[in-house]
Amino acid sequence: MMRNLKRRGLLFTAIASGALLVSGCATETTYRPATGKGFYRTGYSERQVEANRWLVTFAGNTVTDRDTVERYLLFRAAQLTLQNGYDYFVMVDRSTDRQAQTYSTPGPGWGGGWGGGWGPSWRYYGRGFGWRAWDPWWGDPFWGNNIDVRTVDRYEASAEIVMRKGTPAKDEVRAFNARDVSDRIGPTVVMPKS
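How each quantity is defined
Residues numbered from 1 in each chain as written. Predicted model: local features only at pLDDT ≥ 70, side-chain atom pairs only at ≥ 80, totals over all residues. Heavy atoms only, no water. Phe/Tyr/Trp six-rings, centres within 6.5 Å; stacked < 30°, edge-to-face > 60°. Helix = DSSP H or I, 4+ residues; strand = E, 2+ residues; numbered from the N terminus. Buried < 20%, exposed > 50% of the residue type's maximum accessible area, 1.4 Å probe, protein only. Arc of directions from axis to C-beta. Polar contact = N/O pair within 3.5 Å; in protein donor to acceptor, adjacent residues only side chain to side chain. Salt bridge = Lys/Arg side-chain N within 4 Å of Asp/Glu carboxyl O. Expected span 1.5 Å × (residues − 1). Pairing = 2+ DSSP bridges. Axes fitted to C-alpha atoms, helices over the stretch in contact; angles between N-to-C directions. Parallel < 35°, antiparallel > 145°, perpendicular 65-115°, else oblique. Left-handed = near helix turned anticlockwise from the far one by under 90°. Contact = heavy atoms within 4.5 Å. Nonpolar A, V, L, I, M, F, W, Y, C, P; charged D, E, K, R; others polar. Core = buried A, V, L, I, M, F, W, Y, C linked by side-chain atoms within 4.5 Å.

**A look at the packing of aromatic side chains**
Enumeration according to the criterion identifies 5 aromatic pairs in this entry. Here Tyr-31 and Tyr-72 contribute two aromatic rings whose centre-to-centre distance is 6.2 Å and whose plane-to-plane angle is 85 degrees, an arrangement assigned as edge-to-face. Taken as a pair, Tyr-31 in the loop between helix H1 (2-25) and strand E1 (43-48) and Tyr-72 in helix H2 (residues 66-83) lie far apart in primary sequence, 41 residues in all. For the pair Tyr-31 and Tyr-72, a shared accessibility class is recorded, and that class is buried. Taking 5.0 Å as the distance between ring centres and 75 degrees as the angle between the ring planes, the aromatic pair formed by Tyr-31 and Phe-75 counts as edge-to-face. Here Phe-75 lies in helix H2 and Tyr-31 lies in the loop between H1 and E1, a separation of 44 residues in the sequence. In terms of burial, Tyr-31 and Phe-75 fall into one category: buried.

Here it is as structure tokens:
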């Protein structure tokens, strides 16, 4: 009896430690140069197109919200403008893309009933889920063999900017004073820990 309690205690400790380890990894993207590839690329990157024209991007991870991604993009554009000796930048083009991946985890049970795979099944349209299938042996939403379906969003913002010196014209609504942007947004930006 005592041995079983110790095993349960060790199992609980292992599960709790694993949960803490995983939750520690789930933090939003910090302001840093881009790393990774494809869906897993995070951070900022830029590419010079002309002497004063740049393409700037910032990609967040799956826990970084859209507002943060767009704010970090604006901050990077301001930083880049100041680093190159300019006073303000004009956003010629800007976009934010949402990338989504859907994961599903099957519930208990096996879907082979009714003689090796044949059985009654229906397709139906679920609001917010699209077309889905139902059968009595696998993933039915009515009797508890649920499938956990989860969609993970990731945002990436990009902008084409033109850097200029001096003061922007009053009617130039796409112009941003780089020093002002840096001073206002800078305190809200999370930098990586050394």
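Still to come is the rest of the account.
**Details of helix H4 (residues 178-185)**
Along H4, the positions that sit buried rather than exposed are Ala-178, Val-181, Ser-182 and Ile-185. In a view along the axis of H4, the buried residues occupy a sector of 95 degrees, so they form one face of it. Between a side-chain oxygen at the N-terminus of H4 and the backbone nitrogen of Arg-179 the separation is 3.0 Å; the capping residue is Asn-177.

**Observations concerning the pattern of salt bridges**
Two side chains bearing opposite charge may form a pair once their charged atoms approach each other closely. This structure, assessed with the given rule, holds 9 salt bridges. The salt bridge involving Arg-53 is made with Glu-50; its shortest N-O contact spans 3.4 Å. Here Asp-180 and Arg-184 are joined by a salt bridge, their closest N and O atoms 2.8 Å apart. Here the residue Asp-180 and the residue Arg-184 both occupy positions in helix H4, the gap between them amounting to 4 residues, near one helical turn.

**Things to note about H2**
An ideal rise of 1.5 Å per residue puts 26 Å on 18 residues; H2 measures up with 26 Å between its terminal C-alpha atoms. Residues of H2 that are buried include every one of Thr-68, Val-69, Glu-70, Tyr-72, Leu-73, Leu-74, Phe-75, Arg-76, Ala-77, Ala-78, Leu-80 and Thr-81, and no others. Within two residues after H2, Gly-85 carries a phi angle of roughly 85 degrees, on the positive side.

**Some details on the pairing of E1**
As paired elements, E1 and strand E2 (residues 53-59) share 6 bridges and run antiparallel to each other. Bridged to Arg-47 within E2 is Leu-55.

**Let's talk about the packing of H2 against H4**
Two elements in contact, H2 and H4, have axes whose closest approach is 8 Å; the angle formed by their N-to-C orientations is 135 degrees. Taken together, the axes of H2 and H4 are oblique relative to one another. Relative to H4, the crossing made by H2 is left-handed. Together, Arg-71, Leu-74, Phe-75, Ala-78, Gln-79, Thr-81 and Leu-82 of H2 and Ala-178, Arg-179, Val-181, Ser-182 and Ile-185 of H4 make up the contact between the two elements. Across the contact of H2 with H4, the residue classes tally to 7 nonpolar, 3 polar and 2 charged.

**Things to note about the pairing of E2**
Among the 7 residues that make up E2, 5 are buried, leaving the element largely enclosed by the rest of the structure. Joining the antiparallel neighbours E1 and E2 is a turn of 4 residues.

**Description of the nonpolar core**
Core analysis: the biggest nonpolar cluster contains 25 residues, and Tyr-31, Phe-58, Phe-89 and Ile-161 have the highest contact counts within it. Taken together, the elements giving at least two residues each to this core come down to E2, H2, strand E3 (88-105), strand E6 (148-164) and H4. Ranked by residues supplied to this core, first place goes to H2 with 8 residues. Dropping the residues within four chain positions of it, Phe-89 is found in contact with Leu-74, Ala-77, Ala-78, Thr-81, Ile-161, Val-162, Met-163, Arg-174, Ala-175, Phe-176 and Ala-178.

Read these as geometric descriptors, not functional statements.
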